[in-house]
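Close look at the chain arrangement
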Amino acid sequence: MHRADAHLLDGTTDASAPNQNAADKGARLLEAVDNTLVYAFQPIVNIDTGIAFGYEALLRGVDQAGYASIAEFFDTAYQCGVLEEVERRLQRKAVDSFVKLPSRTAILFLNVDARLLASGGRTIIDGMAAAIAASGLSADRFCLELPETQDIVAGDDALPVMHQISGAGVRLALDDFGQGYSRLRLLHELQPNFVKIDRYFVNGVSADPKRRLFLSRLVDIMHVFGIAMVAEGVETEADFRTCKDLGFDYVQGYLIQKPTTDLDHILSLYPIVAGINARERRNRSTDKSRLQGHLEMLPTMSIDLPMVEVFDMFRQHRDLSVIPVVDQAGVPVGVVGDTDLKAYAYSPFGRDLIANKAYGRSLRDLVRSCPTASVDMPIEKILEIFAHRSDAPGILMVERGRYAGFMSSTALLKVLHEKTVAAARDQNPLTRLPGNLSIGDWVSDALEDLETSVVLAYFDFDSFKPFNDTYGFRNGDRAIQLFAELLQKHAADHDAFIGHIGGDDFFAGFRCEDPDQVTEQVAGLIKRFAHDVESFYDAETRERGFLEMRGRDGKLNRYGLLTVSAGLLNLRAGRDEVPIDTVMDAIARLKKEAKQAVSGMAVSRLG
C-alpha cells in the first residue's frame, strides 16, 4: 500500500504531499526543457530588401511534454516555482541554436514571461548577461519581446527592470501590439526599439479600409518616436504590398517563411521580397531623387563608442549640433546633440568624470530618440512624421533599413517646395489633374509591373468642336470639368491614376484583378456623362437630339450631342514585356474604333 493511501484510510493527511507533487512537476518541466522542447525560428525581414534583420525564437514540443499549450506550460512552471530556472535554460537553448544561423548581423527576438519582470527581474538580467557572454555576441544582437497581453508588463515594478535591460544594450520589442491591454503608458515611458503589430490587424489589411487607416496612423506615431514597426502574420502578397505602402519597416509571416526547426532552411536573404518589390512599382517616384539631393551625410557614432571619443567627435566636427548614433548593423538608434554634453564640458571635471568607467555613464544614456523615415516614402509623408516632433533637430533617413543621411527641417521644406513647383508645372490648369509628364511616368511604371493586370484607358470627346463653337469656350470648359469630376468619382473604387492629356483628351490607368469590372465602370461613366452634359444644351436642341450649324461651305450640317468615347487596352498579369511604342499604337487604333462603335467603347488585350 502506498503511503498516501495509508493516510487516506486512517483519516490523516500528509502536508508535504502538495509540495512533493509540485516538486515532481517542476522536475518533469526541467527535464522537458532539456530533452523535449526545441526552438523553431521565423525570420523578420527588411520590407525593402528581404534581408533577415532578425529571427524570432518560437518554442516547440510542449505538446509532446504533455501540455496543451505554451501558456499552460509556463503557468505550471510558475505554480511549481521553477519558472526562473526554466527561463534560464530556455535562453541558453535559444542562443545555442541562434549562433548556428547564417546571418552574422541578425538579431535574436526572444519572448520573455512578464511575471519575472515584476518579481525583480534578476533572472532575466542575469540570464541574458550569461547568455550574451557565452555566445560571444554583442548585447544589441538580442531583443526581448514583451507580451502586451500580460498586464503586469506595464506595472511600476517591471518598468525599472526593462530600463535596466535596455541600458545594457539589449533591445526591447512590444509584441502583439493591439491584441491586449494596449498600455500607452508603457509605450511612452519605455520607448521600445520595435513594436510588433498583432496579426489580427495585418491579416487581410489589403481589403479592409478601416484597418489600413488605423495602421497608417499607428505607423506614423511610432516613426515620430523613432520606433521601428514589424508587421506580424503577413501571408499574402497583397497584404505585404499594403504594409509597405503604410510604411512598415519589417515583416514576419508565412509569406516569407513558416517557423522551422531545420536550421539548414533558414536564410540570410529571402528572394521573395526582392521579387515582389521588382514587380511593385507603385511607390517609385521622383521623390527619392529629390530627397537624395538634399540629404546631409552627417558622420555617425557607434552606440558602443567610448565617451572620450564622443567628445572627440564633436571637437572634430565643431559645425555640427547633432550627430546620429547607429548600432553595429548601421541601423539608426537616435541622435546626440552638443547640448547634451555641455553640462559635462563646462564643468571643471565633467569630461574626466563622464569618461570614467566607474561613473557608469555611456553614450546610451545620452542618446535621444529622433523621427525616422525611409527615402522611399513620399515627401508629404516624411514631412508629416517630422511635424509631430517640433522638438526634433531633423529626421533620420534610412534606406533598406540602414542609415542613409539626415534631413533638417529647412531641407525638408526645400524638397517639398521643389515638388510642389514641379507638380504645378505639369498640372492641367483647368482640371488640376496631372499632365503628360506624370501620365508618361505612370505608364512606364505600369509596363514594368508584369505581374499585375493593368487597364489603360484613353478618353476623347465626340462632337466637341460644334458644341464649343455654338455655346462658347466657357461652356466647353464646363463640359471638360464635368467629365473630369465624373472620371475621378468612377475611378475612386479602383487603384486608379487619372490624367488630363489636354483639351478634351483624358487618360486613366487601372491596376486591377478583374479588367471586366473596369470595362463596366467605363461604360457607366460614358452613359452618365452623356446624360449630365445634356443640360448644357438649350431645350430645343435637347428635344431634337442633335445640333445644327452651317459649315464653311454654307450647308447646314447635323452633329450629335456631346458624348465621350473610350479605348481600353488590357495588359494581363504574367505577360511578357510590351514595348511602349506597341502600346501607343494599340491605343491610337482603339481610339478610332471607339468613335465608330455604338457603345462608344473599343476594348483589346495585349500580352
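Above this note sits the structure.
This section reports on the structure supplied with the text. (Residues numbered from 1 in each chain as written. Predicted model: local features only at pLDDT ≥ 70, side-chain atom pairs only at ≥ 80, totals over all residues. Heavy atoms only, no water.)

**Observations concerning the overall build of the protein chain**
Within the protein chain, the secondary structure is distributed over 23 helices and 21 strands. Going through the 607 residues of the protein chain one by one, you find that 49% of them count as buried. Looking at the protein chain alone, contacts between residues at least 24 apart form 70% of all its contacts between residues at least 6 apart. Accessible surface, the protein chain: about 29,200 Å² in total, of which carbon and sulfur atoms supply 50%. (Helix = DSSP H or I, 4+ residues; strand = E, 2+ residues; numbered from the N terminus. Buried < 20%, exposed > 50% of the residue type's maximum accessible area, 1.4 Å probe, protein only. Contact = heavy atoms within 4.5 Å. Areas by Shrake-Rupley, 256 points an atom, 1.4 Å probe, with all protein chains shown as cover.)

**As for unusual backbone geometry**
The phi dihedral of R432 is positive, around 65°, even though this residue is not glycine. Residue classification places R432 among the exposed residues on the basis of a relative accessible area of 55%. Of note, S463 is a non-glycine position whose phi angle comes to about 65°, a positive value. Looking at where S463 falls in the secondary structure, it is placed in the loop between β15 (454-462) and α20 (464-490).

**Observations regarding the side chain of R115**
The topology assignment puts R115 in helix α5 (residues 114-118). Residue R115 is classed as buried on the basis of its relative accessible area of 18%. In terms of polar contacts, R115 uses its side chain to reach the side chain of D75, at 2.9 Å. (Polar contact = N/O pair within 3.5 Å; in protein donor to acceptor, adjacent residues only side chain to side chain.)

**Details of the pairing of strand β5 (residues 171-177)**
Within β5, 7 of the 7 residues are buried, which leaves the element mostly enclosed by the surrounding structure. In this sheet, β5 lies alongside strand β4 (residues 142-147) in parallel orientation, the contact comprising 5 bridges. Across the sheet, residue E145 finds its bridge partner in β5, namely A173. Where β5 and strand β6 (residues 194-197) come together, 3 bridges link them in parallel fashion. Residue pairing for β6: A173 is matched across the bridge by F194. (Pairing = 2+ DSSP bridges.)

**Some details on the pattern of salt bridges**
As enumerated under the stated definition, the model contains 25 salt bridges in all. For K595, the salt bridge goes to D462, with nearest N and O atoms at 2.6 Å. One end of the pair, K595, is in helix α23 (residues 580-596); the other, D462, is in strand β15, with 133 residues separating them in the sequence. Of the charged contacts in the structure, one is a salt bridge between D505 and K591, with a shortest N-O distance of 3.9 Å. Remark: K591 occurs in helix α23 and D505 occurs in strand β17 (residues 505-511); sequence separation between them is 86 residues. When its relative accessible area of 13% is taken as the criterion, D505 is described as buried. The class of K591 is partly exposed, set by a relative accessible area of 25%. Each of the salt bridges in this network shares a partner with another, and the network as a whole consists of D460, D462, D505, K591 and K595. (Salt bridge = Lys/Arg side-chain N within 4 Å of Asp/Glu carboxyl O.)

**With respect to the nonpolar core**
Judged by nonpolar contacts, the single largest core of 77 residues is most densely connected at I197 and F248. Here the element with the most residues in this core is helix α4 (residues 83-98); it accounts for 6 residues. Grouped together as the second largest cluster of nonpolar side chains are 36 residues, L487, V518, V564 and M601 included. (Core = buried A, V, L, I, M, F, W, Y, C linked by side-chain atoms within 4.5 Å.)

**Digging into the sheet that holds β5**
Pairing within the closed barrel is mixed, and its 8 strands lie in the order β1-β2-β3-β4-β5-β6-β7-β8. Here 4 bridges tie strand β2 (residues 52-60) to strand β3 (residues 107-111), and the two strands are oriented parallel to one another. In the sheet register, Y55 faces β3, and the bridge partner there is L108. In the packing of α4 onto the sheet, the strands contacted are β1 (38-46), β2, β3 and β4, and the crossing angle to β3 comes to about 155°. (Axes fitted to C-alpha atoms, helices over the stretch in contact; angles between N-to-C directions.)

**Observations concerning the sheet that holds strand β13 (residues 394-399)**
The 3 strands are arranged β12-β13-β14 in an open sheet whose pairing can be described as mixed. Of all strands in the sheet, those with a lone pairing partner are β12 (372-374) and β14 (402-408), marking the two edges. Strand-to-strand twist of the sheet, defined as the mean angle between neighbouring strand axes without regard to direction, takes the value 35°. Of the strand pairs in this sheet, β12 and β13 are connected by 3 bridges, and their pairing is parallel. Across the sheet, A373 pairs through a bridge with M397, a residue of β13. Across the sheet, helix α18 (residues 409-426) lies against β13 and β14, angled at about 85° from β14, the strand it touches most.

**Description of a negative patch on the surface**
Among the surface-exposed residues, E513, D514, D516 and E520 lie close enough to one another that they form a single negatively charged patch. With respect to the secondary-structure elements, D514 resides in the loop between β17 and α21 (515-533). (Patch = residues over 30% accessible without salt bridge, like charges linked within 9 Å, V, L, I, M, F, W, Y side chains within 5 Å. Lys, Arg positive; Asp, Glu negative; His and termini not counted. Charge placed at Lys NZ, Arg CZ, Asp CG, Glu CD.)

**Overview of the packing of aromatic side chains**
Applying the stated criterion across every chain yields a total of 21 aromatic pairs. Here F467 and Y471 contribute two aromatic rings whose centre-to-centre distance is 5.2 Å and whose plane-to-plane angle is 35°, an arrangement assigned as tilted. With F467 and Y471 both in helix α20, this residue pair falls 4 residues apart, about one helical turn. For F467, a relative accessible area of 0% gives the class buried. Geometrically, the ring pair formed by F497 and F507 is tilted, given 6.4 Å between the ring centres and 55° between the ring planes. Taken as a pair, F497 in strand β16 (residues 495-502) and F507 in strand β17 lie far apart in primary sequence, 10 residues in all. When its relative accessible area of 4% is taken as the criterion, F507 is described as buried. (Phe/Tyr/Trp six-rings, centres within 6.5 Å; stacked < 30°, edge-to-face > 60°.)

**Topic: the packing of α20 against α21**
Where α20 contacts α21, the two axes come as close as 10 Å, and the packing angle between them is 150°. In terms of crossing hand, the pair formed by α20 and α21 is right-handed. Contacts between α20 and α21 involve A479, L482, F483, L486, L487 and H490 from the former and Q521, G524, L525, R528, F529, D532 and V533 from the latter. (Left-handed = near helix turned anticlockwise from the far one by under 90°.)

**So, helix α17 (residues 379-387)**
All of the buried residues along α17 are I379, K381, I382, I385 and F386. All buried residues of α17 lie within an arc of 165° about the axis, which places them on one face of the element. For α17, the secondary structure elements touched by its buried residues are α10 (209-224), α11 (237-246), α13 (287-292), β12, β13 and α18. (Arc of directions from axis to C-beta.)

Treat this as a map of the structure, not an account of what it does.
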